[in-house]
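What follows is the residue order along each chain.
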Number of protein chains: 2
Amino acid sequence: MSEPDKYQKVIELAKRRGFFWPSYEIYGGEAGFLDYGPLGSLLKRKLEQKWIDWFVRRENVVLIDSAIVAPEIVFKASGHTAHFTDPITTCKKCGRKWRADHLLEEQAKISGEGLTLEELGRLLAEHGVRCPECGGELEQPQAFNELFKTTIGPYSEHVGFLRPETAQGMFVNFKRLYDLVRGKLPFGAAQVGRCFRNEISPRQGPVRLREFTIMEFEFFFNPKKPECPKLSEVLGEKLRLLPEELIKRGVEEPVEVTVAEALDRGYIKAEWSAYFMVRAKHFLNELGVPDENQYFREKLPGERAHYSAQTYDQVVKLSRWGYVEVSGHAWRTDYDLKMHMAHSGEDLRVFVPYGEARKVKRLRLKVDKARLGASFKDKATLILRLLEVTPAEEVAEALSREGVYQLKSNGETFELTREHVEVVEEEVEEKGERILPSVVEPSFGLDRLLYVTLEYAYTERGDRVVLRLPRDLAPIEVAVFPLMNKDGLPEKAREIYLSLLREGFTVEYDESGSIGRRYARMDEIGTPYAVTVDYQTLKDETVTLRDRDTWKQVRVPAGRLPKVLRSLFRGEISFEKAGEPLQTSG
Amino acid sequence: MSEPDKYQKVIELAKRRGFFWPSYEIYGGEAGFLDYGPLGSLLKRKLEQKWIDWFVRRENVVLIDSAIVAPEIVFKASGHTAHFTDPITTCKKCGRKWRADHLLEEQAKISGEGLTLEELGRLLAEHGVRCPECGGELEQPQAFNELFKTTIGPYSEHVGFLRPETAQGMFVNFKRLYDLVRGKLPFGAAQVGRCFRNEISPRQGPVRLREFTIMEFEFFFNPKKPECPKLSEVLGEKLRLLPEELIKRGVEEPVEVTVAEALDRGYIKAEWSAYFMVRAKHFLNELGVPDENQYFREKLPGERAHYSAQTYDQVVKLSRWGYVEVSGHAWRTDYDLKMHMAHSGEDLRVFVPYGEARKVKRLRLKVDKARLGASFKDKATLILRLLEVTPAEEVAEALSREGVYQLKSNGETFELTREHVEVVEEEVEEKGERILPSVVEPSFGLDRLLYVTLEYAYTERGDRVVLRLPRDLAPIEVAVFPLMNKDGLPEKAREIYLSLLREGFTVEYDESGSIGRRYARMDEIGTPYAVTVDYQTLKDETVTLRDRDTWKQVRVPAGRLPKVLRSLFRGEISFEKAGEPLQTSG
């Protein structure tokens, strides 16, 4: 990178001016936690609001806000208690714990992504990887579950977890949400909220946190009608993609293709994913990231989450870390709904009517419950429920080929034979069918996006910092200064400050230091406009309005300020048209 | 109450139309957790934004957003690990656990508030209180800590807690925040965020939750300059108060006094509290609660939190439960800062300069560290730090009177004698002094406020429900309907719908059912305005605009809709002035 220390500059600015800093500093800090200060929390709220505006208000998506703490069954069903793990190894000598895959990468330069615990252990031993702290030998890696655990209520055996994603809130509420949108597919359900992952080794700063905010939505569609009607709007749009197919052939740079090509070539499997990936690209444009500094990288099968049939990470180029993921676009299929259906016993399928009733031949599973109970004991009910949502064709095919059907559920495999389940054919009249919707999930990391926005806004002009934040995200919208601290100027300036407050603007009043210093303080935090009250104001009620990026100034009647500012924020007028031009100064 | 089942009606509406419902319904629910649906989450965000607008943007208060999970030391310092408890009793027969004070109230009609565990146990036995489930005898009550516990990182011995209030975020960050406001008192720091209290017996609905959202701020001021300069604005305002003094004299109804009287009579001890209580009253007015349905009740010493020198609860009349707390106004003094100073070793005092340097006689504590160590072992450092923030006068007085000074810290008492600490007098020149700010804390429960807003907005007109939400809080701002589902009306209506979306409104499009039914659906969720596209629209580009509360209709040119709606929401024009009047229909 041309500027290797930009990260440090942004972090320093973030601390000094109150965007964010490490949590619990007076107690020596707690790795993986971040506190947002006055400017950061305003910026964060504006980013949330903008995301909601883009992906909820303007799409066929509803917003929800569900609980953070969940009973164990929820994450058992979703597979997180079984699969949401990191490989951890313990030093035999000092007892310290480490991410096994990270050590392998650091000491042996071998990627540990997607390796099994056994493979990891073998490679650690083969390459002589040791404890970075004391040089001791390492134990065989074990799975460490990243869920934060707690207990609910006065009975300590009632286990609960902090959610690692907001998505399960949408899945467990699917039935209600489907009713609320009056039973129509497709639709989406979104959530912005705090999530928790007990990372073994969180990184400094806002990139890998243990507590963070996710903005994501689950978009539910009929898998038999996977067409996205909005696709026509984006078919010609270009996406920079690095699909699995190319990665496997050794390609390291993304290719630029149109959405049409990406779908034709099978790079992107779900149309709705393609549509939302375009929206995500534009969203990042709005935060200041040009096309050439972002692309979508497909996760390889071993890297994908347990629920995903295809995942693209949207990555953005950052000064220190190269390309970093800011959003994930997973095709979760019907995995989650199916699992919650099996674990809760609630039918989460939706009824999709045919045009007219049909006589159809159907394969049906006939289960011998007694046999099932005898073979599988307390798992029998779960198996029964899973079979209800398993296509009979799949079972028939396996039984005829191998005489056994392997039913998989969150890490367990149950071997079913004709003894347990028979496949029978029957003719039935059907008015429609009950289906489980398929789901694509665009998921954004708010903390990273906030950092990305700051880094891309960070510019220097001479020895001064100008934070060129998108105007609609600026935490302070306008500053008001009296030119001098006397002659009634502060009183007049405070009056204008109060009137802008009343009009709904987020305003800062500042009367300390030279006017140049005050402009500089505002440039540094990205305040788009500054109003200065001077001696002419006392004569003709006009003020100086200054633009952050061009440092241009115009003269505006004080009474017209709210209207002028609103038009400027909406982009309806150019700054030059906002008033009488003045000579530019620093 | 005149309408005993209003609660039920509101809860039913909330579930049916998607404001909120119990979490994890498909798994049988989890008591104390609530999920907000599409309308509820929009309403919640608007309530948050309004609160921020009132108490942050328009006051000398900054917003922060700190971590939910905290290491143990934070809540050890704040006293929550020791004091944040409920009395719990276990049935000797069936093992079920109960709130001891609740059982006493239910079965013996005796208030358990503020009683010690011993007193509770004695009263339970005396009055023959039994297990409500099986009639078994009850064990001696024990303290149950309400903090949700977890562990941070791969070492399970590193204990963390979910915050039960957001306040500690402001206290642990006080130094940074003080620097960010450029070292000036008074100022406030606010936070809106999720909090967790592991209630033994959470109530149904949104009133007593285990996970909830708090909006609160800590207002820091110099205890030697406790005057509130804004007091003059509110001195004549009336407050309905039920102060401790009157409660003790058996008064049960609040008295109405001016702020000036409340301060004169000593009902309210801190001027800043009085000011913010008036603001809180007006805030509730804005949510639809008139003065006569709210008042402030002082908490008795036994009911107050461990950190508070005075607390008033703002209570609001609700249909089912009578008066329910919606905000608390605690004077936390310097308790929290003092405790974090002692536990972290960081000096959290701020330097307040005198006008000019003074020669003063000072009492100073001279500590014998060796003796302290010998007597108190690993507690010696804590004691040393606590002594640093203890007024020497207090120690001198106790030593001379009783020969011993009892130093208290979170439930422990350390007895110090002249052997440990001596008081010496010295003359020093001082340019100023280092003080710990005093703190008043207005704290609002967002979930309760949301429920209160719904209940006060809930009205019936004939057999229809009209939710008269404050217009600025309505989740859906405007609805667009085609009168008929043919002749190009839907196309025109969708065009108007999209143009309003582009203009930033939250809009719903609906074409199903009769127009009357569609109006009714919107009335029920509080949508202030509905736009109908009819045959005249196709001729002259005007639409019908309908008002939720009066059901009046006016004719407005479609192109002027954004401007007209904006003026209506800002209250700049009356509905009658919004266009050409039409005949009113249902």
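This structure is a prediction, so every number in the text was calculated from the model and none was measured.

Structural notes on the overall build of chain A
Inference 1: Within chain A, the secondary structure is distributed over 21 helices and 29 strands.
Inference 2: Seen through its C-alpha atoms, chain A measures out along the principal axes to roughly 95 × 70 × 55 Å.
Inference 3: The proportion of buried residues among the 586 residues of chain A is 43%.
Inference 4: Pairs at least 24 apart in sequence give 66% of the contacts found in chain A among residues at least 6 apart.

Concerning the interface of chain A and chain B
Inference 1: Across the boundary between the two partners, chain A contributes 55 residues, which contact 55 residues of chain B.
Inference 2: Residues belonging to the side of chain A that touches chain B are distributed by class as follows: 30 nonpolar, 13 polar and 12 charged.

Some words on the relation of the copies chain A and chain B
Inference 1: Once chain A is rotated about the relating axis by 180° and shifted along it by 0.0 Å, it coincides with chain B to within an RMSD of 0.1 Å. Here the copies are linked by what is in effect a two-fold axis. When C-alpha positions in chain A are compared against the rotation axis, the closest is assigned to T150 of chain A, at 2.5 Å.
Inference 2: A share of 100% of interface residues in chain A that are also interface residues in chain B marks the association as one of identical surfaces.

Structural notes on the packing of helix α14 (residues 369-376) of chain B against helix α15 (residues 380-388) of chain B
All names here are of chain B.
Inference 1: The geometry of α14 relative to α15 is characterised by a closest axis approach of 9 Å and an angle of 130° between their N-to-C directions. Taken together, α14 and α15 sit at an angle that is classed as oblique. Note on element contacts: α15 touches α14 through A380, I383 and L384, opposite K369, L372, G373 and F376.
Inference 2: A per-class count over the contact of α14 with α15 returns five nonpolar, one polar and one charged.

Focus: the sheet that holds strand β29 (residues 580-581) of chain B
All names here are of chain B.
Inference 1: What the six strands build is an open sheet, ordered β25-β24-β26-β27-β28-β29; its pairing is mixed. Two strands bound the open sheet, and with one partner strand each, they are β25 (507-509) and β29.
Inference 2: By the bridge criterion, four bridges tie strand β26 (residues 529-533) to strand β27 (residues 542-547) in an arrangement that is antiparallel. Paired with A530 across the two strands is R546, which belongs to β27.
Inference 3: Seen against the sheet, helix α21 (residues 561-570) touches β24 (478-482), β26 and β28 (553-557) and runs at an angle of roughly 160° to β26.

Quick look at the confidence of the model for chain A
Inference 1: Averaged over all residues, the pLDDT of chain A is 93; the fraction at 70 or higher stands at 98%.
Inference 2: If you check the scores for this complex, the pTM reads 0.91 and the ipTM reads 0.91.

A closer look at helix α19 (residues 515-525) of chain A
Residues and elements named next belong to chain A.
Inference 1: When α19 is considered as a whole, its buried residues turn out to be R518, Y519, M522, D523 and I525.
Inference 2: In this fold, the buried residues of α19 make contact with α1 (6-17), α2 (38-57), β23 (464-467), β24 (478-482), β26 (529-533) and β27 (542-547).
Inference 3: Directly beyond the C-terminal end of α19, a positive phi value near 85° is found at G526.

Focus on the sheet that holds strand β9 (residues 159-162) of chain A
Residues and elements named next belong to chain A.
Inference 1: Taken in spatial order, the three strands line up as β4-β9-β8 in an open sheet, and their pairing is antiparallel. Pairing within the sheet leaves two strands with one partner each, and these edge strands are β4 (69-71) and β8 (149-151). Strand-to-strand twist across the sheet, computed as the mean angle between neighbouring axes with direction ignored, equals 40°.
Inference 2: Bridge analysis of β4 against β9 gives three bridges, and the strand direction is antiparallel. The residue bridging P71 from the neighbouring strand is G160, located in β9.

A short note on the pairing of strand β21 (residues 438-445) of chain B
Residue and element names in this part refer to chain B.
Inference 1: Counting buried positions over the eight residues of β21 gives eight, a clear majority of the element.
Inference 2: Residue alternation in β21 divides its side chains into two sets, S438, V440, P442 and F444 and V439, E441, S443 and G445, and both sets are buried.
Inference 3: Of the pairings in the sheet, the one linking strand β11 (residues 211-221) to β21 comprises six bridges and is antiparallel in character. Bridge pairing in β21 links F221 to S438.

Notes on helix α1 (residues 6-17) of chain B
Residue and element names in this part refer to chain B.
Inference 1: Spanning 12 residues, α1 covers 16 Å between terminal C-alpha atoms, matching the ideal 16 Å at 1.5 Å per step.
Inference 2: Listed in full, the buried residues belonging to α1 are Y7, V10, I11 and A14. Here the buried residues of α1 occupy an arc of 95° about the axis, which is enough to place them on one side.
Inference 3: The secondary structure elements touched by the buried residues of α1 are β1 (20-22), α2 (38-57), α17 (446-457) and β22 (458-461).
Inference 4: The first or second residue beyond α1 is G18, which carries a positive phi of 85°.

Things to note about the domain arrangement of chain A
It is common to give the size of an interface as the accessible area lost on bringing the parts into contact.
Inference 1: Assigned domains of chain A: these are domain 1 (6-80 + 148-335 + 440-446), domain 2 (85-145), domain 3 (350-435) and domain 4 (476-581).
Inference 2: Each of domain 3 of chain A and domain 4 of chain A was reduced to a C-alpha centroid, and the two centroids are 70 Å apart.

A look at unusual backbone geometry
Inference 1: In this model, L185 of chain A is joined to P186 of chain A through a cis peptide bond whose omega is -5°.
Inference 2: Residue K109 of chain A is not a glycine yet carries a positive backbone phi of 55°.
Inference 3: Summarising the element assignment, K109 of chain A is placed in the loop between α5 (100-108) and α6 (117-126).
Inference 4: In this structure, W551 of chain B is a non-glycine residue whose phi angle is positive, near 60°.
Inference 5: Topologically, W551 of chain B is positioned in the loop between β27 and β28.

Concerning the pairing of strand β23 (residues 464-467) of chain B
Residues and elements named next belong to chain B.
Inference 1: Sheet topology places β22 next to β23; four bridges connect them, and they run antiparallel. In the strand pairing of β23, E460 is matched with V465.
Inference 2: In sequence, β22 turns back onto β23 through a hairpin of two residues, with G462 there showing a positive phi of about 65°.

A few points about the packing of α2 of chain B against α17 of chain B
Residue and element names in this part refer to chain B.
Inference 1: Contact pair α2 / α17: the axes reach a minimum separation of 10 Å and the direction vectors enclose 110°. In terms of axis orientation, α2 runs roughly perpendicular to α17. Judged by residue contacts, L43, K44, L47 and E48 of α2 engage L446, L449, L450 and T453 from α17.
Inference 2: Along the lines of polarity and charge, the residues of the contact of α2 with α17 split into five nonpolar, one polar and two charged.

Describing the environment of F144 of chain A
Inference 1: For F144 of chain A, the location among the structural elements is in strand β7 (residues 142-145).
Inference 2: Here the alpha-carbon distance between F144 of chain A and E199 of chain A, two residues 55 residues apart in the chain, equals 9.4 Å.
Inference 3: Sequence-distant contacts of F144 of chain A, defined by excluding residues within four places in its chain, comprise T85, D86, I88 and I200 of chain A together with P154 of chain B.

Basis of the calculations
Residues numbered from 1 in each chain as written. Chains lettered and ligands numbered in written order. Predicted model: local features only at pLDDT ≥ 70, side-chain atom pairs only at ≥ 80, totals over all residues. Helix = DSSP H or I, 4+ residues; strand = E, 2+ residues; numbered from the N terminus. Buried ≥ 20, exposed ≤ 12 C-beta atoms within 10 Å, placed from the backbone. Contact = placed C-beta atoms within 7 Å. Nonpolar A, V, L, I, M, F, W, Y, C, P; charged D, E, K, R; others polar. Least-squares fit on C-alpha atoms with pLDDT ≥ 70 in both. Axes fitted to C-alpha atoms, helices over the stretch in contact; angles between N-to-C directions. Parallel < 35°, antiparallel > 145°, perpendicular 65-115°, else oblique. Pairing = 2+ DSSP bridges. pLDDT = per-residue confidence, 0-100. Expected span 1.5 Å × (residues − 1). Arc of directions from axis to C-beta. Domains from an automatic or database assignment.

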